[in-house]
Amino acid sequence: MDIKVENVVASASSGAELDLKRISMELEGAEYVPEKFPGLIYKIKDPKTAMLLFTSGKLVCTGAKSVEMVNEVIFRVMGQLRELGIDVLEKPDVKIQNIVATTDLKTELNLNSIAITLGLERVEYEPEQFPGLVYRVAEPKVVALLFGSGKIVCTGAKVIPDIDLALQQIKKELSEAGLL
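Computed from a predicted structure; not experimentally measured.

A word on the overall build of the chain. Helix and strand content of the chain: 4 helices and 10 strands. Mapped in sequence order, the helices and strands of the chain form the string β-α-β-β-β-β-α-β-α-β-β-β-β-α. A globule of 180 residues ought to have a C-alpha radius of gyration of about 16 Å, yet the chain, at 20 Å, is considerably larger. Structurally, the chain occupies a C-alpha span of about 60 × 30 × 25 Å along its principal axes. Out of the 180 residues belonging to the chain, those deemed buried represent 43%. Contacts in the chain between residues at least 24 apart in sequence constitute 58% of all its contacts with a sequence separation of at least 6. With an accessible surface of roughly 10100 Å², the chain has 53% of that area assigned to carbon and sulfur atoms.

Next up on the list: the layout of surface pockets. In this structure, the largest pocket spans a volume of roughly 160 Å³. Around the largest pocket, the lining residues are Glu-28, Gly-29, Tyr-42, Lys-43, Ile-44, Lys-45, Arg-76, Val-77 and Gln-80. Going through the elements one at a time, β3 (40–44) and α2 (67–83) are the ones with two or more residues in the lining of the largest pocket. Of the residues belonging to the lining of the largest pocket, the class tally is 3 nonpolar, 2 polar and 4 charged.

All right, on to the sheet that holds strand β6 (residues 95–104) then. One open sheet holds the 10 strands; their spatial order is β2-β3-β4-β5-β1-β6-β10-β9-β8-β7, and the pairing between them is antiparallel. Two strands bound the open sheet, and with one partner strand each, they are β2 (30–31) and β7 (123–124). Of the pairings in the sheet, the one linking strand β1 (residues 4–13) to strand β5 (residues 58–64) comprises 5 bridges and is antiparallel in character. When the sheet's bridge partners are listed, Ala-10 is paired in β5 with Cys-61. Of the strands in this sheet, β1, β3, β4 (49–53), β5 and β6 are in contact with α2, which crosses β5 at around 135 degrees.

Moving on: the side chain of Asn-98. Tracing the sequence through the fold places Asn-98 in strand β6. Here the side chain of Asn-98 touches Thr-155 through a polar contact of 3.2 Å, side chain to side chain. Here the side chain of Asn-98 touches Gly-156 through a polar contact of 2.6 Å, landing on its backbone nitrogen.

The tally for this structure, following the rule as stated, stands at 2 aromatic pairs. Taking the centre distance of 5.8 Å and the plane angle of 65 degrees together, the rings of Phe-130 and Phe-147 count as edge-to-face. Here Phe-130 is found in the loop between β7 and β8 (133–137), whereas its partner Phe-147 is found in the loop between β9 (142–146) and β10 (151–157), with 17 residues between them in sequence. Given the relative accessible area of 35%, Phe-130 is considered partly exposed.

Let's shift gears to the pattern of salt bridges. Applying the stated criterion to the full structure yields 9 salt bridges. Residue Lys-4 is joined to Glu-6 by a salt bridge in which the shortest nitrogen-to-oxygen separation is 3.9 Å. Residue Glu-6 is classed as partly exposed on the basis of its relative accessible area, which comes to 23%. Measuring nitrogen to oxygen at the nearest pair gives 2.6 Å for the salt bridge that ties Asp-93 to Lys-95. Taking relative accessible area as the criterion, Lys-95 reaches 43% and is therefore assigned partly exposed.

Formed by 54 residues in total, the largest nonpolar core has its most connected members in Met-51, Leu-81 and Leu-146. With 7 residues, α2 is the single largest residue contributor to this core. Both domains that furnish three or more residues to this core are identified here as domain 1 (9–96) and domain 2 (105–176). Not counting residues within four places of it along the chain, the set of residues in contact with Leu-81 comprises Leu-18, Ile-23, Leu-53, Ile-86 and Val-88.

Moving on: the domain arrangement of the chain. Under the domain assignment used here, the chain contains domain 1 (9–96) and domain 2 (105–176). The C-alpha centroid of domain 2 is placed 34 Å from the C-alpha centroid of domain 1.

Cut-offs applied
Residues numbered from 1 in each chain as written. Predicted model: local features only at pLDDT ≥ 70, side-chain atom pairs only at ≥ 80, totals over all residues. Heavy atoms only, no water. Helix = DSSP H or I, 4+ residues; strand = E, 2+ residues; numbered from the N terminus. Rg over C-alpha atoms; globule rule 2.2 N^0.38 Å. Buried < 20%, exposed > 50% of the residue type's maximum accessible area, 1.4 Å probe, protein only. Contact = heavy atoms within 4.5 Å. Areas by Shrake-Rupley, 256 points an atom, 1.4 Å probe, with all protein chains shown as cover. 1 Å grid on protein atoms, 1.4 Å probe; cavity = no way out; pocket = protein on both sides within 12 Å on 5 of 7 lines; lining within 4 Å. Points joined across faces, edges and corners; volume = space filled by probe spheres on them. Nonpolar A, V, L, I, M, F, W, Y, C, P; charged D, E, K, R; others polar. Pairing = 2+ DSSP bridges. Axes fitted to C-alpha atoms, helices over the stretch in contact; angles between N-to-C directions. Polar contact = N/O pair within 3.5 Å; in protein donor to acceptor, adjacent residues only side chain to side chain. Phe/Tyr/Trp six-rings, centres within 6.5 Å; stacked < 30°, edge-to-face > 60°. Salt bridge = Lys/Arg side-chain N within 4 Å of Asp/Glu carboxyl O. Core = buried A, V, L, I, M, F, W, Y, C linked by side-chain atoms within 4.5 Å. Domains from an automatic or database assignment.

Set out below in C-alpha cells:
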C-alpha cells in the first residue's frame, strides 16, 4: 500500500523562557500578534513548515513531511535562537504528537455497507454532516477517515509503522467482510 505522509506535528522545549516580542522583531518571517494567538508563528519556506513558539519555551513544529524534517527544522530554529543570544538547549527532546498520512485503495467503497457491517462501536458515519466514514482502530490507536472514492486519511499515529499496521488491519477487516 502506497502511504504518503502529509503532516508530522511535533513538540519540544527550548529549555528557556522566550521573549516573543523580541524574537518576532529579529527573526525574519516571524509573526507575533498576542491579541490573535498567544504564540509566535514562524513560517519557514524550505522545507515548508511552521514553528509555533510560546513564552514558556515550548515549541510546536507543523507541516513537516517526515520525522527527519521535523528534527531538522527544530534544530535549525534552536540554532537561530542561539544566534540571537538566547540560551536554549543544544539537543531538545522532540516528541511526535501526530502523523497524518493518506493512501488510496484504488477501489470505490460503499460507506453505508461498511458502517452497518463494522458496527457503531468503532465507526461513525453521518453523510449529511461529513462525506467520510470515521473508523477508530483500537490498536494501534489511529483514526482513519474512509471516503467513497477509496481514499483514506489516517491521523493520530505517533510513529509511521502504526499507520501501516492500522491500514493493513482496515484492509483485512474490509476484505473479510466482503466489502473490498
